[in-house]
Amino acid sequence: MPLTHRSVTRLDFMSDSRLHPSPLIRALIWIAGVLALALGVIGIFLPGLPTTPFVLLAAACFVRASPRAHAWLLAHRIFGPPLREWEIHRSIPRRAKGVALLMMAVSVSGSLWYFSGRPWVQAAIVAGATLGAIAIALIPSRR
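The paragraphs below set out a description of the structure included in this document. Residue numbering note: each chain is counted from 1, following its sequence as written. This being a predicted model, a pLDDT of at least 70 is required before a residue's local features are given, and a value of 80 or more before pairs of side-chain atoms are given or counted; all residues contribute to the totals for chains, interfaces and linings. Side-chain metrics in this entry use all non-hydrogen atoms of the structure; hydrogen atoms and water are not considered.

## Some remarks on the overall build of the protein
So, step 1. Each helix is a run of DSSP H or I of at least 4 residues and each strand a run of E of at least 2, with the numbering of both proceeding from the N terminus. On a plain count of helices and strands, the protein comes out with seven helices and two strands.
So, step 2. Going from N to C terminus, the protein has its helices and strands arranged as α-α-α-α-α-β-α-α-β.
So, step 3. Think of it in three bands: with a 1.4 Å probe and only protein chains considered, a residue is buried below 20% of the maximum accessible area for its type, exposed above 50%, and partly exposed in between. The proportion of buried residues among the 143 residues of the protein is 31%.
So, step 4. Accessible surface for the protein amounts to roughly 9100 Å². Of this, 69% is attributable to carbon and sulfur atoms. All accessibility values rest on the Shrake-Rupley procedure with a 1.4 Å probe; residue burial counts only the protein chains present in the view.

## Examining helix α7 (residues 119-138)
So, step 1. In a helix, the anticipated span is given by 1.5 Å times the number of residues less one. With 20 residues, α7 extends 28 Å from end C-alpha to end C-alpha; this agrees with the ideal 28 Å at 1.5 Å per step.
So, step 2. Listed in full, the buried residues belonging to α7 are Ile125, Ala129, Gly132 and Ile136. Down the axis of α7, the sector holding all buried residues measures 65 degrees, keeping them to one side. Of the residues in α7, the exposed ones pointing more than 90 degrees away from the buried face are Pro119, Trp120, Leu131 and Leu138.
So, step 3. Throughout, a residue-residue contact means that at least one pair of heavy atoms, one from each residue, lies within 4.5 Å. Packed against the buried residues of α7 are α3 (52-65) and α6 (94-114). What the arc describes is the spread of directions from the helix axis to the C-beta atoms.

## Concerning the packing of α3 against helix α5 (residues 80-89)
So, step 1. Two elements in contact, α3 and α5, have axes whose closest approach is 11 Å; the angle formed by their N-to-C orientations is 70 degrees. Judged by the angle between their axes, α3 and α5 are roughly perpendicular. Considering the relative orientation of α3 and α5, their crossing is right-handed. Facing Val55, Leu56, Ala59 and Val63 of α3, the residues of α5 in contact are Leu83, Trp86 and Glu87.
So, step 2. Of the residues that constitute the contact of α3 with α5, the class distribution is six nonpolar, no polar and one charged. Between N-to-C directions, angles cover 0 to 180 degrees, with each direction set by a line fitted to C-alpha atoms, over the stretch in contact for helices. What sets the label is the angle itself: under 35 degrees gives roughly parallel, over 145 gives roughly antiparallel, 65 to 115 gives roughly perpendicular, and the rest give oblique. Crossing handedness: left-handed means the near helix sits turned counterclockwise from the far one by under a right angle, and right-handed means the same turn made clockwise. Asp, Glu, Lys and Arg are counted as charged, while Ala, Val, Leu, Ile, Met, Phe, Trp, Tyr, Cys and Pro are counted as nonpolar; the rest, among them Gly, fall into the polar class.

Encoded structure:
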């Protein structure tokens, strides 16, 4: 049976989700979640910008702001499986972390070559990649 946003809302690990009591704060948190998710999607295509930390941040925002958005994200065919794993284990597989860092290194290398002769652009790419690599390295990992 495929996972839907309705079935995800009934999963046991979501029972501790708590909405913020203030509608204004919930709206602001929801906007932050949408922005984080947008940055995560951009990170799929932009070298040096990590996807995983932004998607995790979006999920954390949606837990406090919108159970419907959180359930949608958990049921998403691309973002859902890793998020469900995160909510269960609070870590990501070592292999996934290694692949993420390797793909960042490959895309950053290609970008540095493409932007050769533009030191400011190269510096921005290296700075973004460094922050992304640190963010990924700080996420707990498991076998």
